[in-house]
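Working through the structure, step by step
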Amino acid sequence: MPADRTAAGPDGTGGYGESLFEPWKPGEGDRIDLGSLAYDHVTRARLRAVGVGPDTRCLDIGAGTGTVARWLAGQAGAGDVLAVDRDVRFLEPHAGGALRTLAADVTDPGFDPGRFDLIHARFVLMHLPDPQRTIARLRDLLVPGGHLVLGDAIDLTTAAPPDSPYRLAMRAMWRALRTSIGTDVDWTPGYPRLLRGAGLTGVAAEVHVPPLAAGSPIAAFWLDTWARSREAMLATGLVDAAQFAAAQEALASGTADDLSPGLITAWGRRP
Ligand SMILES: C[S@@+](CC[C@H](N)C(=O)[O-])C[C@H]1O[C@@H](n2cnc3c(N)ncnc32)[C@H](O)[C@@H]1O
């Protein structure tokens, strides 16, 4: 399914987003940060509720620009935080104190960074093949009693009418992501079942949908994501250039009158 998951960028970087988002180009860190601005308060509240303290050894998988890992190591007061990503260029400048960074691929069979009290990953498993296997691998990295907290996108709208420009564009985006990097959000509503299937206890999940207001971080995030993936979205045939422009206008002006994709966060505890 993923056509180019292992393809290398101009600087040798391979992996997530290489064909659509071209992470070696300026602005990709800013795009990830817009997503963080829209969702960090939800993730932080959940991690706080699960419990973070000076004795908590944390692992953040696919940490991106590190907004969650930095918060864990800073304000949340965790004693030790390991931020892992295949691409650590946005993370490395923040290493120090309780925050360590590691360049690694979580799907690598040899990936074994230690044992942790809290493992978090957001917007990562949806880009990887076989989420059940990744969940089992992460469970095995937890100490008994440790918590797994996983967040991913949930698509609440595109399967149904109306065929507004906004929905056509979102459909095209999900299709383009699936074709180019294997992203699949169809399974994410099944998170609770997957966590229970991995033997975790105290399993639950919640969904947050940020409002699509003009100028909001989430509107800016989708506008930037669409701009970067415009050609791939048009190539799906699910949206044409005029509909794409109308969708951009609706999102920019706050008149999409629809729901953003949401963040589903699911959690459970290793017995
Ligand atoms: C959409 S970004 C999310 C970043 C961050 N977790 C957040 O929520 O802001 C996905 C991140 O996962 C990383 N990633 C993708 N596949 C990975 C893998 N197999 N192993 C480690 N990191 C991976 C990417 O490099 C990217 O930084």
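Residues numbered from 1 in each chain as written. Predicted model: local features only at pLDDT ≥ 70, side-chain atom pairs only at ≥ 80, totals over all residues. Heavy atoms only, no water.

Points about the overall build of the protein
Scanning the protein from N- to C-terminus turns up eight helices and seven strands. Expected size for 271 residues packed as a compact globule is a radius of gyration near 18 Å; at 18 Å, the protein falls within 12% of this value. Taken over the C-alpha atoms alone, the protein extends approximately 55 × 40 × 35 Å along its principal axes. The 271 residues of the protein split such that 51% are buried. The long-range share in the protein, meaning contacts at least 24 apart out of those at least 6 apart in sequence, stands at 72%. Looking at the protein as shown, the accessible area adds up to about 11200 Å², and 54% of this sits on carbon and sulfur atoms. Side chains of the protein give 26 positive and 32 negative charges; the mean places of these two sets differ by 6 Å. (Helix = DSSP H or I, 4+ residues; strand = E, 2+ residues; numbered from the N terminus. Rg over C-alpha atoms; globule rule 2.2 N^0.38 Å. Buried < 20%, exposed > 50% of the residue type's maximum accessible area, 1.4 Å probe, protein only. Contact = heavy atoms within 4.5 Å. Areas by Shrake-Rupley, 256 points an atom, 1.4 Å probe, with all protein chains shown as cover. Lys, Arg positive; Asp, Glu negative; His and termini not counted. Charge placed at Lys NZ, Arg CZ, Asp CG, Glu CD.)

Describing helix α8 (residues 241–253)
When the terminal C-alpha atoms of α8 are compared, their 18 Å separation across 13 residues agrees well with the 18 Å that a helix rising 1.5 Å per residue should span. Within the sequence span of α8, burial applies to F244, A247, A250 and L251. Seen from one end, α8 has its buried residues packed into an arc of 125°, which puts them on one side. Tucked into the core, α8 has its buried residues touching α4 (165–181), α6 (217–228) and α7 (230–235). At the N-terminal boundary of α8, the capping side chain belongs to D240, with an oxygen 3.1 Å from the backbone nitrogen of A242. After α8 finishes, the residue G254 shows a positive phi value of roughly 75°. (Expected span 1.5 Å × (residues − 1). Arc of directions from axis to C-beta. Polar contact = N/O pair within 3.5 Å; in protein donor to acceptor, adjacent residues only side chain to side chain.)

Regarding the pattern of salt bridges
Going through the model one piece at a time under the given rule, you end up with 15 salt bridges. Residues R86 and D105 are paired through a salt bridge, measuring 3.4 Å at the closest nitrogen-oxygen approach. Here R86, found in the loop between β2 (80–85) and β3 (99–103), pairs with D105, found in the loop between β3 and β4 (116–122); they are 19 residues apart in sequence, far enough to count as distant. Sharing partners across several salt bridges, the network here consists of D40, R44 and R122. (Salt bridge = Lys/Arg side-chain N within 4 Å of Asp/Glu carboxyl O.)

Concerning the sheet that holds β2
Strand order in this open sheet of seven strands is β3-β2-β1-β4-β5-β7-β6, and the pairing throughout is mixed. Two strands bound the open sheet, and with one partner strand each, they are β3 and β6 (201–208). On average, adjacent strands in this sheet sit at an angle of 15° to one another, irrespective of strand direction. In terms of strand pairing, β6 meets strand β7 (residues 262–269) through six bridges, oriented antiparallel. When the sheet's bridge partners are listed, H208 is paired in β7 with L263. Of the strands in this sheet, β4, β5 (142–154), β6 and β7 are in contact with helix α1 (residues 28–50), which crosses β4 at around 155°. (Pairing = 2+ DSSP bridges. Axes fitted to C-alpha atoms, helices over the stretch in contact; angles between N-to-C directions.)

Considering the packing of aromatic side chains
By the definition in use, this model includes six aromatic pairs. Note on Y39 and F123: the rings are 5.3 Å apart at their centroids and 65° apart in plane angle, and the pair reads as edge-to-face. Here F123 lies in the loop between β4 and α3 (131–140) and Y39 lies in helix α1, a separation of 84 residues in the sequence. Measuring from ring centre to ring centre gives 6.1 Å for Y166 and W226, while their planes differ by 50°; the resulting arrangement is tilted. A residue pair is termed long-range when its members are at least 10 positions apart, and Y166 in helix α4 and W226 in helix α6 qualify at 60 residues. Like Y166, the residue W226 is buried in the burial classification. (Phe/Tyr/Trp six-rings, centres within 6.5 Å; stacked < 30°, edge-to-face > 60°.)

Digging into the site of the ligand
In the region of the ligand, 15 residues are neighbours, and G62, D85, D105, V106 and R122 sit closest. A distance of 2.7 Å is found between a nitrogen atom of the ligand and a backbone nitrogen or oxygen belonging to G62. V106 is positioned such that a nitrogen or oxygen atom in its backbone is 3.0 Å from a nitrogen atom of the ligand. In isolation the ligand has 590 Å² of accessible area, and contact with the protein removes 93% of it. (Near = heavy atom within 4 Å.)

What to know about α4
Residues separated by three or four positions in an α-helix point in the same direction, a consequence of the helix having 3.6 residues per turn. Taking 1.5 Å per residue, 17 residues should reach 24 Å; α4 reaches 24 Å between its end C-alpha atoms and fits that length. Burial within α4 is extensive, with 13 of its 17 residues counted as buried. Phi turns positive, to about 85°, at G182, one or two residues after α4.

The values are spatial; any link to function lies outside them.
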